[in-house]
Amino acid sequence: RVDGRLTDHYDPRKNIVALSDSTFYSTSVAAIGVAAHEVGHAVQYNKNYLPIKIRSLFVPIAQIGSKSWIVFFLLGMFLSIPFLLDVGVILFGCVVLFQLLTLPVEFNASRRALNSIEQQFLLEKDELDGAKKTLSAAAMTYVAGLMVAVAQLIRLLVMVNGRNSRR
């Protein structure tokens, strides 16, 4: 059990599935789907699922990018230093790439979750449909996040290109 709301996750360093109160103490279809999804991540690590290994290698780069891209970008804008602008855009591009690498990992964890729920008869047929809808909606949040990030990256590239063309 872990504090917070929507804090469910699998921690590969500790090899634990951590569930928020709303999931841990619930027997709802959504909670069962979320718990099974997180177990799906544990299985990915156990089975050496290649996309999660690649994504895991990229975590430090994405963390640096997400924390520092704006600093480089704004310094580049205010100080008119194109190199800093470029560094900011590249760092943000790393964040976007990380989000892209996350998609197959999340979709696969949900697929594993649904297979487990079905094979272990954890839910009735109509409840399984509800779990599918819950996991599908959760996956779409990752897709939406990626689309927003891609739009922001395009915006940054247009800003940098516009600035460079005025020189």
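Definitions and cut-offs
- Residues numbered from 1 in each chain as written.
- Predicted model: local features only at pLDDT ≥ 70, side-chain atom pairs only at ≥ 80, totals over all residues.
- Heavy atoms only, no water.
- Patch = residues over 30% accessible without salt bridge, like charges linked within 9 Å, V, L, I, M, F, W, Y side chains within 5 Å.
- Areas by Shrake-Rupley, 256 points an atom, 1.4 Å probe, with all protein chains shown as cover.
- Salt bridge = Lys/Arg side-chain N within 4 Å of Asp/Glu carboxyl O.
- Helix = DSSP H or I, 4+ residues; strand = E, 2+ residues; numbered from the N terminus.
- Buried < 20%, exposed > 50% of the residue type's maximum accessible area, 1.4 Å probe, protein only.
- Lys, Arg positive; Asp, Glu negative; His and termini not counted.
- Contact = heavy atoms within 4.5 Å.
- Axes fitted to C-alpha atoms, helices over the stretch in contact; angles between N-to-C directions.
- Parallel < 35°, antiparallel > 145°, perpendicular 65-115°, else oblique.
- Left-handed = near helix turned anticlockwise from the far one by under 90°.
- Nonpolar A, V, L, I, M, F, W, Y, C, P; charged D, E, K, R; others polar.
- Phe/Tyr/Trp six-rings, centres within 6.5 Å; stacked < 30°, edge-to-face > 60°.
- Lys NZ or Arg CZ within 6 Å of the ring centre and 35° of its normal.

Notes on a nonpolar patch on the surface
No. 1: On the surface, a cluster of nonpolar side chains totalling about 850 Å² of accessible area is made up of I70, V71, F72, L74, L75, F78, L79, I81 and F83.
No. 2: Residue position: F78 is located in helix α3 (residues 50-79).

Let's talk about the side chain of R55
No. 1: With respect to the helices and strands, R55 occurs in helix α3.
No. 2: Of the side chains bearing the opposite charge, E106 lies closest to the buried R55, which forms no salt bridge; the N-O distance is 5.1 Å.
No. 3: In contact with R55, not counting residues within four places along its chain, are F98, L101, T102 and V105.

Here we look at the packing of α3 against helix α4 (residues 82-119)
No. 1: The interhelical angle for the contact between α3 and α4, taken along N-to-C directions, is 150°, at an axis separation of 6 Å. Between α3 and α4, the angle is such that the two are roughly antiparallel. By crossing handedness, the relation of α3 to α4 is classed as left-handed.
No. 2: Tallied by class, residues from the contact of α3 with α4 come to 24 nonpolar, 6 polar and 1 charged.

Observations regarding the packing of aromatic side chains
No. 1: Under the definition given, this model contains 4 aromatic pairs.
No. 2: Ring geometry for F24 and Y25: centres 5.0 Å apart, planes at 85°, overall edge-to-face.
No. 3: When the ring centre of Y49 is taken as origin, the NZ or CZ atom of R112, which lies over that ring, is 5.3 Å away.

A word on the pattern of salt bridges
No. 1: Summed over the entire model, instances satisfying the criterion amount to 4 salt bridges.
No. 2: Note that R1 is salt-bridged to D21, the shortest N-O span being 2.5 Å. Residue R1 is found in the segment before β1 (9-11), and its partner D21 is found in helix α1 (residues 21-24); the two are separated by 20 residues along the sequence.
No. 3: The partly exposed category is assigned to R1, whose relative accessible area is 46%.
No. 4: The partner of R13 in a salt bridge is D11, and the shortest N-O contact between them spans 3.2 Å.
No. 5: Judged by its relative accessible area of 75%, R13 falls in the exposed class.
No. 6: Overall, D11 belongs to the buried group, its relative accessible area being 6%.
No. 7: Each member of the salt-bridge network shares a partner with another, and the members are R1, D3 and D21.

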